[in-house]
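Chain by chain, the residues:
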Amino acid sequence: MIDFYYWPTPNGWKIAIMLEECGLPYRMIPVDIGKGDQFKPEFLAVSPNNKIPAIVDHDTPEGSLPVFESGAILIHLAARSGRFLPKKGRAKKEVLEWLFWQVGNLGPMAGQLSHFVNYAEGEHPYSRKRYADEYHRCLGVLDRRLEGRAFLVDRYSIADIASFPWVLIAPYMGQPLDEFPNIARWRDAMKARPKVRAGIDLGKELRRARPYTEEERRVLFGQRARPPSPRENGDDGR
Ligand SMILES: N[C@@H](CCC(=O)N[C@@H](CS)C(=O)NCC(=O)O)C(=O)O
């Protein structure tokens, strides 16, 4: 059994899709990131960066294994299921290249753009344009890669699963995809996969139906380094 620490956001959807595609048994544990569940000690023990997604895989030869960071989780689940990551050679290298491209480029740029489109109060024209342009640049890279290809690398893989959620929301971030026909085709094909749909729908009843409250905004957008716990600073707490 896999414990899946989740909230319905693009990074959470990557793992929801993968778990559905692999058919591995899992139990979803909601982590309400607006309420601050990500700072609970039991969650931080699994995900020290206080972000979803994370998993604990209870069925490994080493016993129960926590994994955080969506890219690492996708690689772990691919190894566990033997699916969606070629075992060797050029294809494996390319899947990993596009996976790391997603977690280091498309995801962070889209995430920052989403902040300025959806959450920032007041006008921030420089920041908003900076991330809109970077997101647009990433979409251009993805579109060129998908020219003449059904998927990012040969067959459907964790590279497609990682990028899809951050492209799914493009129209809601002021990017309707008319300029990117290869992405539009790929996005439709991904959306048509029943397990992709099941992943996106996981916990949809948890989705927010109203803007964040002041308290939720403080929890999510007012974060700075946490003071070290007594154990981390050498103090045994006595
Ligand atoms: N690099 C991380 C990003 C994860 C991430 O940004 N998660 C967001 C939700 S989409 C989160 O948990 N935010 C809570 C917080 O920042 O406190 C990954 O790919 O797993």
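## Comments concerning the environment of Phe116
- Tracing the chain through its elements places Phe116 in helix H4 (residues 89-119).
- Owing to 19 C-beta atoms within 10 Å, Phe116 belongs among the partly exposed residues under this scheme.
- The sequence separation of Phe116 and Arg80 amounts to 36 residues, and the corresponding C-alpha distance is 38 Å.
- Not counting residues within four places of it along the chain, the set of residues in contact with Phe116 comprises His124, Ser127, Arg128 and Tyr131.

## Remarks on the site of the ligand
- Close to the ligand lie 14 residues, the nearest being Thr9, Asn11, Ile33, Lys51 and Ser70.
- Across the shell around the ligand, the residue classes break down as 6 nonpolar, 6 polar and 2 charged.

## Here's the deal with the pairing of strand S3 (residues 54-60)
- Alignment of strand S1 (residues 2-6) against S3, held across 4 bridges, turns out to be antiparallel. Among the inter-strand pairings, Tyr5 is bridged to a residue of S3, identified as Ala54.
- Of the pairings in the sheet, the one linking S3 to strand S4 (residues 63-68) comprises 5 bridges and is antiparallel in character. Residue pairing in the sheet places Ala54 in a bridge with Phe68 of S4.
- Between S3 and S4, which pair antiparallel in sequence order, lie 2 residues.

## What about the domain arrangement of the protein?
- Each domain of the protein was delimited in the assignment, giving domain 1 (2-83 + 198-221) and domain 2 (89-192).
- Measuring from the centre of the C-alpha atoms in domain 1 to the corresponding centre in domain 2 gives 20 Å.
- Residue-level contacts link 11 residues of domain 1 with 10 residues of domain 2.
- Elements supplying a minimum of two residues to the side of domain 1 that touches domain 2: helix H1 (10-22) and helix H3 (70-81).
- Of the residues forming the side of domain 1 that touches domain 2, the biggest block, 5 residues, is contributed by H1.
- Taken together, the residues that form the side of domain 1 that touches domain 2 break down as 8 nonpolar, 2 polar and 1 charged.

## A word on unusual backbone geometry
- Each neighbour pair has its own omega, and for Ile52 with Pro53 the value is 5 degrees, a cis peptide bond.
- Mapping Pro53 onto the fold places it in the loop between helix H2 (41-44) and S3.
- The phi dihedral of Glu69 is positive, around 80 degrees, even though this residue is not glycine.
- Mapped onto the fold, Glu69 is located in the loop between S4 and H3.
- A positive phi angle is found at Phe84, which is not glycine, with a value near 70 degrees.
- Within the secondary structure layout, Phe84 lies in the loop between H3 and H4.

## Some thoughts on the environment of Leu177
- Within the secondary structure, Leu177 is located in the loop between helix H6 (158-168) and helix H7 (181-191).
- By the C-beta count within 10 Å, which is 16 here, Leu177 ends up partly exposed.
- Taking the C-alpha atoms as reference, Leu177 lies 9.0 Å from Val167; in sequence the two are 10 residues apart.
- With residues near it in sequence (within four places) discarded, Leu177 still touches Ala170, Pro171, Ile183 and Ala184.

## Quick word on the environment of Glu134
- One can find Glu134 in helix H5 (residues 125-146).
- Each C-alpha atom, one on Glu134 and one on Gln112, is 9.9 Å from the other, the two residues being 22 residues apart in sequence.

## A look at the packing of H4 against H6
- Viewed as axis vectors pointing N to C, H4 and H6 meet at an angle of 10 degrees, and their least axial separation amounts to 8 Å. On the basis of their axis angle, the class for H4 and H6 is roughly parallel. Of the residues in H6, those touching H4 at Val95, Trp98, Leu99, Gln102, Val103, Leu106, Gly107 and Ala110 are Ile158, Ala159, Ala162, Ser163 and Trp166.
- In terms of residue class, the contact of H4 with H6 is made up of 10 nonpolar, 3 polar and no charged.

What counts, and at which threshold
Residues numbered from 1 in each chain as written. Predicted model: local features only at pLDDT ≥ 70, side-chain atom pairs only at ≥ 80, totals over all residues. Helix = DSSP H or I, 4+ residues; strand = E, 2+ residues; numbered from the N terminus. Buried ≥ 20, exposed ≤ 12 C-beta atoms within 10 Å, placed from the backbone. Contact = placed C-beta atoms within 7 Å. Near = placed C-beta within 6 Å. Nonpolar A, V, L, I, M, F, W, Y, C, P; charged D, E, K, R; others polar. Pairing = 2+ DSSP bridges. Domains from an automatic or database assignment. Axes fitted to C-alpha atoms, helices over the stretch in contact; angles between N-to-C directions. Parallel < 35°, antiparallel > 145°, perpendicular 65-115°, else oblique.

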